[in-house]
Amino acid sequence: MTFTTRFAPSPTGPLHLGHAYSAMLASDKAASEGGTFLLRIEDIDQSRARPKWEDQIYADLEWLGLSWPTPVLRQSERIQIYEQALDTLWSKGLLYPCTCNRKDIAAAASAPQEGAPLHGPDGIIYPGTCRHKASRNSVERPKDTPLRLDMAMAAQSVLPHGTGSFLELGTGPNGETGRISFDKTELETTIGDVVLSRRGMGTSYHLSVALDDAAQGVTHVIRGQDLFEATRIHVLLQALLGLPTPEYLHHRLIRDPNGKRLAKRDDARAIAKYRDEGATPQDIRAMVNL
Ligand code: GLU
């Protein structure tokens, strides 16, 4: 099997040491496997993406010594592809419009009979308020309204014997490794009805990532452990849309001295800052133990 992996940053802030680790690890693996390292710009959130950060991504990665085929795939240029996939899921009756805002969800999820709200990969697990409100039978998919996936129905329709799985070559946050299986009940109770089309975006992270990994022929997804839990959503979407499931390698997260995961706002650990201070790419490798 040819080996193709990718680094998929969002141009919403400076790349930091955690991004450097992820990108260099993926590039190193591709080199050692005689495979390909791809770059993908995840810029579906146009309210936060900035050309300045995209340019900085190219500059930082080049400085680190990485290279990739061009032109790079930019998600903002693929909205039509995402919309087609939404049409497919809509025509199967698997999506429904949702008008709840964060406050509504928090209030419904913490109603006395519900107990403490449960959290999934996207925050509070949606309590299902809009699930049976609107008709799903209209021919036209509603535009400009967030759409949620009916998780129970989706899982029922594609998981053979009610279970799905993927191969984990790295480790999840709790040491999960090897063949990771999950079932319909787990999807319903620990993930729930995720949003597949967000207002103003026409897609969502989960939908775009599933479609783009397939479109780019990605055989190995290498990314941080923070996305391990979301992988079940991606595997389910692959099954729903007839896409192959790649193998996954979730890696450790780079943390600050207090043990906190680095975030985009951790400008202090921005690659550009280290570079300005005279660090070399080898210094960066040493800092992340690579
Ligand atoms: N765009 C995501 C991020 O910047 C990464 C997505 C992925 O690797 O699947 O965190």
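Check the entry above for the structure.
Residues numbered from 1 in each chain as written. Predicted model: local features only at pLDDT ≥ 70, side-chain atom pairs only at ≥ 80, totals over all residues. Heavy atoms only, no water.

## A look at the layout of surface pockets
- Looking at the second largest pocket, its volume works out to about 280 Å³.
- Along the wall of the second largest pocket there are 18 residues; nearest its centre are Ile125, Tyr126, Pro127, Glu188 and Thr189.
- Contributing elements (two or more residues each) for the lining of the second largest pocket: helix H5 (151-158) and helix H6 (184-190).
- When the residues that make up the lining of the second largest pocket are grouped by side-chain class, the tally is 10 nonpolar, 3 polar and 5 charged. (1 Å grid on protein atoms, 1.4 Å probe; cavity = no way out; pocket = protein on both sides within 12 Å on 5 of 7 lines; lining within 4 Å. Points joined across faces, edges and corners; volume = space filled by probe spheres on them. Helix = DSSP H or I, 4+ residues; strand = E, 2+ residues; numbered from the N terminus. Nonpolar A, V, L, I, M, F, W, Y, C, P; charged D, E, K, R; others polar.)

## Topic: the packing of aromatic side chains
- Within the structure shown, the criterion is met by 2 aromatic pairs.
- Three or more aromatic residues link up through ring pairs in this structure, and these residues are Phe166, Phe228 and Tyr248.
- The ring of Tyr126 has Arg148 lying over it, and the distance from NZ or CZ to the ring centre is 3.7 Å.
- Between Arg252 and the ring centre of Tyr21, over which it is positioned, the NZ or CZ distance is 4.4 Å. (Phe/Tyr/Trp six-rings, centres within 6.5 Å; stacked < 30°, edge-to-face > 60°. Lys NZ or Arg CZ within 6 Å of the ring centre and 35° of its normal.)

## Focus on the sheet that holds strand E1 (residues 4-7)
- With parallel pairing, 3 strands are arranged side by side in an open sheet as E1-E2-E3. The outermost strands of the open sheet, each flanked by one partner alone, are E1 and strand E3 (73-74).
- In this sheet, E3 lies alongside strand E2 (residues 36-41) in parallel orientation, the contact comprising 2 bridges. Paired with Ile41 across the strands is Arg74, a residue of E3.
- Sitting on the sheet, helix H2 (residues 51-63) touches E1, E2 and E3, and the angle it makes with E2 is about 160°.
- Along the sheet, helix H7 (residues 205-215) makes contact with E1, E2 and E3, crossing E2 at roughly 145°. (Pairing = 2+ DSSP bridges. Contact = heavy atoms within 4.5 Å. Axes fitted to C-alpha atoms, helices over the stretch in contact; angles between N-to-C directions.)

## Observations concerning the site of the ligand
- Lining the immediate environment of the ligand, one finds Arg6, Ala8, Pro9, Ser10, Glu42, Tyr205, Val209, Arg223 and Leu227.
- Measuring from a nitrogen atom of the ligand, one finds a backbone N or O atom of Ala8 at 2.7 Å.
- Arg223 places a polar side-chain atom, nitrogen or oxygen, 2.9 Å from an oxygen atom of the ligand.
- When the ligand sits alone it has 300 Å² of accessible area, and the protein chains cover 79% of it.
- Across the shell around the ligand, the residue classes break down as 5 nonpolar, 1 polar and 3 charged. (Near = heavy atom within 4 Å. Polar contact = N/O pair within 3.5 Å; in protein donor to acceptor, adjacent residues only side chain to side chain. Areas by Shrake-Rupley, 256 points an atom, 1.4 Å probe, with all protein chains shown as cover.)

## Considerations on the sheet that holds strand E4 (residues 95-97)
- The antiparallel open sheet is built from 3 strands, whose spatial order is E4-E7-E10. Looking at strand neighbours, the two that pair on one side only are E4 and strand E10 (195-197), the edges of this open sheet. Averaged over all pairs of adjacent strands, the angle between their axes in this sheet comes to 40°, without regard to strand direction.
- The pairing of E4 with strand E7 (residues 147-149) spans 3 bridges and is antiparallel. Counted as the bridge partner of Pro97 is Leu147 from E7.

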